[in-house]
Every structure is written in structure tokens, then in C-alpha cells.
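# Coordinate inspection notes
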Amino acid sequence: MDATTIGAVLACVGVLSTAVVAYIGKRGENGLSRFNSMTDQLQEELARKTTELTGAQTQLTTLHQQRHDDLIRITKLEIEVTRLGGTIPP
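As the structure is a prediction and not an experimental result, all values here were calculated from the model.

About the thresholds
Residues numbered from 1 in each chain as written. Predicted model: local features only at pLDDT ≥ 70, side-chain atom pairs only at ≥ 80, totals over all residues. Heavy atoms only, no water. Helix = DSSP H or I, 4+ residues; strand = E, 2+ residues; numbered from the N terminus. Buried < 20%, exposed > 50% of the residue type's maximum accessible area, 1.4 Å probe, protein only. Lys, Arg positive; Asp, Glu negative; His and termini not counted. Charge placed at Lys NZ, Arg CZ, Asp CG, Glu CD. Salt bridge = Lys/Arg side-chain N within 4 Å of Asp/Glu carboxyl O. Patch = residues over 30% accessible without salt bridge, like charges linked within 9 Å, V, L, I, M, F, W, Y side chains within 5 Å. Areas by Shrake-Rupley, 256 points an atom, 1.4 Å probe, with all protein chains shown as cover.

## A look at the overall build of the chain
- The helix and strand tally for the chain stands at 1 helix and 0 strands.
- Taking the principal axes of the C-alpha coordinates as reference, the chain spans close to 120 × 20 × 10 Å.
- Taking all 90 residues of the chain together, 0% fall into the buried category.
- Within the chain, one finds 9 positive and 10 negative side-chain charges whose respective centroids are separated by 5 Å.

Printed below as a string of C-alpha cells:
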């Protein structure tokens, strides 16, 4: 083999290896872009669910306070019924 043939073979190997590296790099870039996109979507969903949870906890606290107030009112009414001579059904 003469130097020209060896040079041409080495150039072909170099071009092919560059193409393979570029292909793998592009696939990695695409994979990273998809990963970042999914991560962003998950973070947005987490923020949305956190907001929903906070709202639900606030509503639960309000309902718990209403129940507490209702039980106090029921107890006062039972005491008043008993004071007036009535009976409280079980």
C-alpha cells in the first residue's frame, strides 16, 4: 500500500468515527432534552398538587371548626331540652 491509500483509509475511518460520535451525541442531546422536559412537567405538577393540598387542608380545617361549633351547639341544646323536662333520644 502506498501512502495515498493509507491516508485515504485513515480519512475514511476518521469520517466514520466522527459520524458515529455525532450520532451518539445527538441522541444524548435528544434524551437530555426529553429528560429536562419531563422534569419540568413533574415540577409543575408537583407545584399544582401542593397548591391543591394546601387548599384541601384549609377546607378541612374550616369543616373541622364547623363540626366543633355544631357539637357545642348540639350539647347546649340537649342541656336546654333536659332543663325544660324533655328527653334526649339515643
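## Describing the pattern of salt bridges
- Scanning the entire structure with this criterion turns up 2 salt bridges.
- The partner of Arg83 in a salt bridge is Glu80, with the nearest N and O atoms 2.5 Å apart. Here Glu80 and Arg83 lie together in helix α1 (residues 3-83), a separation of 3 residues that amounts to about one turn.
- With relative accessibility at 32%, the residue Glu80 sits in the partly exposed group.

## Considering a nonpolar patch on the surface
- A contiguous nonpolar surface patch, about 320 Å² in accessible area, is contributed by Val20, Tyr23 and Ile24.
- Counting through the fold element by element, Val20 comes out in helix α1.

## Describing the environment of Gln65
- Looking at the secondary structure, you find Gln65 in helix α1.
- For the pair Gln65 and Leu53, spaced 12 residues apart in sequence, the C-alpha to C-alpha distance is 18 Å.

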